[in-house]
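Now for the letters of each chain:
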Amino acid sequence: MKIAVLRIRLYAPWVHSLKEKRMVVKSLLAKIRNKFQVSAAEVEDQDIHQSIVIGVAAIVPHKAQADSMMEEIAGFVEQNTEAEIVEEGWEMR
């Protein structure tokens, strides 16, 4: 059993308050959790309006499934938000 961890940093230039940011983050996290049955949360920069850092974790049986799942999640995030993906990376633990 392995744990795959994905970290995505997004930039949302139109967000001007933490309330706006919270709405964007909450919606995106719910979509990720519902579609992929993974754990997802905002993991950094909670107090910075235009920066969103999302962490996703999933238990996978092998690396090939982790590769596929993390690529699919990253693509899903790109399609389901207007925010720009600035950085993306994942690892196995």
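Residues numbered from 1 in each chain as written. Predicted model: local features only at pLDDT ≥ 70, side-chain atom pairs only at ≥ 80, totals over all residues. Heavy atoms only, no water.

Draft legend 1. Region of the structure containing the side chain of Thr 81. Along the chain, the position of Thr 81 falls in the loop between α2 (63–79) and β4 (84–92). Owing to a relative accessible area of 15%, Thr 81 belongs among the buried residues under this scheme. A polar atom in the side chain of Thr 81 sits 3.2 Å from the backbone nitrogen of Ala 83. Residue contacts for Thr 81: discarding those within four places in its chain leaves Val 24 and Leu 28. (Helix = DSSP H or I, 4+ residues; strand = E, 2+ residues; numbered from the N terminus. Buried < 20%, exposed > 50% of the residue type's maximum accessible area, 1.4 Å probe, protein only. Polar contact = N/O pair within 3.5 Å; in protein donor to acceptor, adjacent residues only side chain to side chain. Contact = heavy atoms within 4.5 Å.)

Draft legend 2. Main features of the environment of Glu 88. By the element assignment, Glu 88 lies in strand β4. Once you skip the residues sitting within four places of it in the chain, Glu 88 turns out to touch Leu 6, Arg 7, Ile 8 and Ala 74.

Draft legend 3. Molecular detail of the environment of Glu 84. Relative to the assigned elements, Glu 84 resides in strand β4. Each C-alpha atom, one on Glu 84 and one on Met 70, is 18 Å from the other, the two residues being 14 residues apart in sequence. If sequence neighbours within four positions are ignored, Glu 84 has contacts with Arg 9, Leu 10 and Tyr 11.

Draft legend 4. Representation of unusual backbone geometry in the model. Not every positive phi belongs to a glycine, and Gln 37 is a case in point at roughly 55°. Unusually for a residue other than glycine, Asp 45 sits at a positive phi of about 55°. When you line up the elements, Asp 45 lands in the loop between β2 (39–44) and β3 (51–60).

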